[in-house]
Amino acid sequence: MKSATFPSLRVDAELREAAESVLREGETLTSLIETAVLETIHRRRAQEEFLARGLRSSDDAKRTGVYHAAADVHAALQRRLDARRKKVLG
């Protein structure tokens, strides 16, 4: 697969200096930007999937008439979290 480039990006000198100030050893400004773009893509896809699941769940609830109280859902999630903490932390 051929590689491609992003369009040139003009930024304030302060933003460039801030970005350069947080570079880790061996990291380039280009790799920082690439990582930021990849993380943003991942986060936005996760948000889209989350919203799609929520809409499907809403549609299912309307269709079936089965709803779950928020307190019950929160309690179930808390139990899962507590169990995981106990397993990880001992």
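What counts, and where the lines are drawn
- Residues numbered from 1 in each chain as written.
- Predicted model: local features only at pLDDT ≥ 70, side-chain atom pairs only at ≥ 80, totals over all residues.
- Heavy atoms only, no water.
- 1 Å grid on protein atoms, 1.4 Å probe; cavity = no way out; pocket = protein on both sides within 12 Å on 5 of 7 lines; lining within 4 Å.
- Points joined across faces, edges and corners; volume = space filled by probe spheres on them.
- Helix = DSSP H or I, 4+ residues; strand = E, 2+ residues; numbered from the N terminus.
- Nonpolar A, V, L, I, M, F, W, Y, C, P; charged D, E, K, R; others polar.
- Patch = residues over 30% accessible without salt bridge, like charges linked within 9 Å, V, L, I, M, F, W, Y side chains within 5 Å.
- Areas by Shrake-Rupley, 256 points an atom, 1.4 Å probe, with all protein chains shown as cover.
- Salt bridge = Lys/Arg side-chain N within 4 Å of Asp/Glu carboxyl O.
- Buried < 20%, exposed > 50% of the residue type's maximum accessible area, 1.4 Å probe, protein only.

Caption draft 1: View of the layout of surface pockets. Of the pockets and cavities examined, the largest pocket occupies roughly 310 Å³. Surrounding the largest pocket, 13 residues form its lining, Leu-9, Val-11, Ala-19, Leu-29 and Ile-33 being those nearest its centre. Put simply, the parts of the chain that give the lining of the largest pocket at least two residues each are helix H1 (13-21) and helix H2 (29-64). The biggest single contributor to the lining of the largest pocket is H2, with five residues. When the residues that make up the lining of the largest pocket are grouped by side-chain class, the tally is ten nonpolar, no polar and three charged. Roughly 230 Å³ of internal volume is contained in the second largest pocket. In terms of lining, the second largest pocket is formed by Phe-6, Pro-7, Ser-8, Leu-9, Thr-30, Ile-33, Glu-34 and Val-37. Class assignment of the residues belonging to the lining of the second largest pocket gives a composition of five nonpolar, two polar and one charged.

Caption draft 2: Region of the structure containing a nonpolar patch on the surface. Judged by side-chain polarity, Leu-9, Val-11 and Leu-15 come together as a nonpolar surface patch covering roughly 300 Å² of accessible area. By secondary structure assignment, the location of Val-11 is in the segment before H1. Val-11 gets classed as partly exposed once you look at its relative accessible area, which sits at 39%.

Caption draft 3: Looking closely at the environment of Gln-47. Position of Gln-47 relative to the elements: it lies in helix H2. Between the C-alpha atoms of Gln-47 and Ala-13, which are 34 residues apart in sequence, the distance is 32 Å.

Caption draft 4: Expanded view of the pattern of salt bridges. Under the defined criterion, the tally for this structure stands at two salt bridges. Note that Arg-16 and Glu-20 form a salt bridge whose closest N and O atoms lie 2.8 Å from each other. Linking Arg-16 with Glu-20, this pair stays in helix H1, spanning four residues, or about one helical turn. The partly exposed category is assigned to Arg-16, whose relative accessible area is 46%. With relative accessibility at 35%, the residue Glu-20 sits in the partly exposed group. Note that Asp-60 is salt-bridged to Arg-63, the shortest N-O span being 3.1 Å. With a gap of three residues between them, Asp-60 and Arg-63 both fall in helix H2, about one helical turn apart. The class for Arg-63 is exposed, based on a relative accessible area of 63%.

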